[in-house]
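Summary of the model geometry
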Amino acid sequence: MPKTMSRKKTCAVCGKPSPQPAVRNAERHGSPDLDTRPPADVRFSIDTQVQKCPSCGYCFYDLAKGAPGAAETVNSETYRKQLGSASFPKLADSFLCWSLIEEQAGNFAGAGWACVYAAWVCDDAADFKRLYGNVSGTKMGERDEAAAAKLCRQKAVLLLKRARDEGQGFGAQAGAEEALMADLLRRIARFDSAAKMVKCGLEAKPIRVVETVLEYEQVLAGKGDIDVHTVAEAIKWKGELEGPATEAEKGQDATWQSE
Ligand SMILES: [Zn+2]
């Protein structure tokens, strides 16, 4: 398990200091999911990816940094409602609040990615509950994390579509944006839209691993599959179609996520 650390940060909105989780050293083992969600070791440090000010509720990747209009957004009704929402795990709430800050600042790519992170938090909460039951009392038990994850993905799709319209890139290489969009759409059962996105992605002539992910998304969408799948599974599927993978493809990590 990665090591926990904290660092004092001064909030760019209210000026108050607070300890915030700092980046831990986490080694990557295993395969990322098709939407680039990292494997377990890195996944468990997702709480270090967002900071929340305990005084004013400002949520951002770095509290010491301000975003355009941040103070106004933090005090808006929409933001206060999201911050106190019981429909999402608290960490997912922080990512969704960060998303609102980015959206108001006009950074739709960043806003979309923050919703993708929120969906991952909800996925993990749903997985945890399925494996271990409701260990945290009734309130958490009443929350439907699978429904919360769906809402996060719906939001991510809208924001990332807007990012594309505005020419804001959110994938580091050809076909990567379409691969992420196809996965988000498939996971919310919009299979026709996912298939269209796959077609766009393949037309962009992506590198082999992205091409494989896109083709695998098409197969999954065709089967009406809304479950999580890994890049390793996609590579294995392709290998079974075309013979064994080359050394370069074995365990290849999809690193198309842009910062
Ligand atoms: Zn603050």
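Every chain begins its residue count from 1, and numbering advances along the sequence as written. Two thresholds apply to this predicted model, a pLDDT of at least 70 for residue-level local features and 80 or more for giving and counting side-chain atom pairs, whereas whole-chain, interface and lining totals are computed over all residues.

Details of the overall build of the protein chain
Which entries qualify depends on this criterion: Put simply, DSSP H or I for four residues or longer makes a helix, DSSP E for two residues or longer makes a strand, and each gets a number counted from the N terminus. Neighbour counting defines burial: a residue surrounded by 20 or more other C-beta atoms within 10 Å of its own C-beta is buried, one with 12 or fewer is exposed, and intermediate counts give partly exposed, using backbone-placed C-beta atoms. Our contact criterion uses C-beta atoms placed from the backbone: two residues qualify when those atoms are within 7 Å.
Secondary structure assignment for the protein chain yields eleven helices and four strands. Here the protein chain holds 259 residues, and 43% of them are scored as buried. Restricting to contacts in the protein chain with at least 6 residues of sequence separation, those with at least 24 account for 61%.

Re the nonpolar core
Definition in use: Note on terminology: a nonpolar core is a set of buried residues of type Ala, Val, Leu, Ile, Met, Phe, Trp, Tyr or Cys, with members joined through C-beta atoms within 7 Å. Delimitation of the domains relies on an automatic or database domain assignment.
Within the largest apolar cluster, 68 residues are counted, with the highest numbers of intra-cluster contacts made by Ala92, Phe95, Cys115, Ala118 and Cys122. The residues that make up this core include at least three from each of domain 1 (1-170) and domain 2 (171-259). The contact partners of Phe95, leaving out residues within four places of it in the chain, are Val50, Ala114, Tyr117, Ala118 and Val121.

Some remarks on the packing of helix α7 (residues 145-165) against helix α8 (residues 176-187)
Note the cut-off: In this analysis an axis means a line fitted to C-alpha atoms, helices contributing only their contacting stretch, and an angle means the value between N-to-C directions, from 0 to 180 degrees. Put simply, angles under 35 degrees are roughly parallel, angles over 145 are roughly antiparallel, angles from 65 to 115 are roughly perpendicular, and the rest are oblique. By convention, the crossing between two helices is left-handed when the near helix turns anticlockwise from the far helix through less than a right angle, and right-handed when the turn is clockwise. Under the scheme applied, nonpolar residues are Ala, Val, Leu, Ile, Met, Phe, Trp, Tyr, Cys and Pro; charged residues are Asp, Glu, Lys and Arg; polar residues are all the others, including Gly.
One way to put it is that α7 packs onto α8 with a least axis distance of 9 Å and a crossing angle of 150 degrees. Judged by the inter-axis angle, α7 sits roughly antiparallel to α8. Crossing geometry of α7 relative to α8 is assigned as left-handed. The segment α7 lies against α8, with Arg153, Ala156, Val157, Leu160 and Arg164 engaging Glu177, Met181, Leu184, Leu185 and Arg187. Class assignment of the residues belonging to the contact of α7 with α8 gives a composition of six nonpolar, no polar and four charged.

Regarding the pairing of strand β1 (residues 6-10)
Put simply, the rule reads: Any two strands between which DSSP finds at least two bridges are classified as paired.
Direction of pairing for β1 relative to strand β2 (residues 17-21): antiparallel, over a ladder of five bridges. Following the sheet pairing, Arg7 is matched in β2 by Gln20. The antiparallel pairing of β1 with β2 creates a hairpin that spans six residues between the two strands, and Gly15 there sits at a positive phi of about 80 degrees.

Section: α8
Rules: How far a helix is expected to stretch is found by multiplying one less than its residue total by 1.5 Å.
With twelve residues, α8 should reach 16 Å at 1.5 Å per residue; the first-to-last C-alpha distance of 17 Å fits that figure. Looking at the buried side of α8, the elements it contacts are α7, α9 (191-203) and α10 (208-222). The first or second residue beyond α8 is Ala189, which carries a positive phi of 65 degrees.

Regarding the environment of Ala232
Of note, Ala232 is situated in helix α11 (residues 231-242). Residues Ala232 and Val209, spaced 23 residues apart in sequence, show a C-alpha to C-alpha distance of 9.8 Å.

Brief notes about the environment of Gly110
If you trace the backbone, Gly110 turns up in helix α5 (residues 108-132). Each C-alpha atom, one on Gly110 and one on Leu100, is 9.8 Å from the other, the two residues being ten residues apart in sequence.

Details of the environment of Gly66
Tracing the backbone through its elements, the reader meets Gly66 in the loop between β4 (59-60) and α2 (70-74). Remark: the alpha-carbon pair of Gly66 and Val13, spanning 53 residues in sequence, is separated by 6.8 Å. Those residues in contact with Gly66 that lie beyond four places of it in its chain are Ala12 and Val13.

Quick word on unusual backbone geometry
Here the phi dihedral of Ala189 falls at roughly 65 degrees; this positive angle occurs in a residue that is not glycine. Structurally, Ala189 can be placed in the loop between α8 and α9. By C-beta crowding, Ala189 is classed as partly exposed, having 13 other C-beta atoms within 10 Å.

Here we look at the confidence of the model for the protein chain
Applied cut-off: Values of pLDDT, which run from 0 to 100, indicate the predictor's confidence residue by residue.
On average, the protein chain scores 88 in pLDDT, and the residues at 70 or more come to 85%. Per-element mean pLDDT across the protein chain ranges from 57 in helix α6 (residues 138-142) up to 98 in β4.

Description of the packing of α8 against α10
Angle between the axes and distance between the axes: these two values describe a pair of packed helices. Closest axis-to-axis distance for the α8/α10 pair is 10 Å, and the angle between their directions is 20 degrees. The orientation of α8 relative to α10 falls into the category roughly parallel. Every pair of crossing elements has a handedness; the one defined by α8 and α10 is left-handed. Listed contacts from α10 to Ala176, Glu178, Ala179, Ala182, Asp183 and Arg186 of α8 are Val210, Val213, Leu214, Glu217, Leu220 and Ala221. Tallied by class, residues from the contact of α8 with α10 come to eight nonpolar, no polar and four charged.

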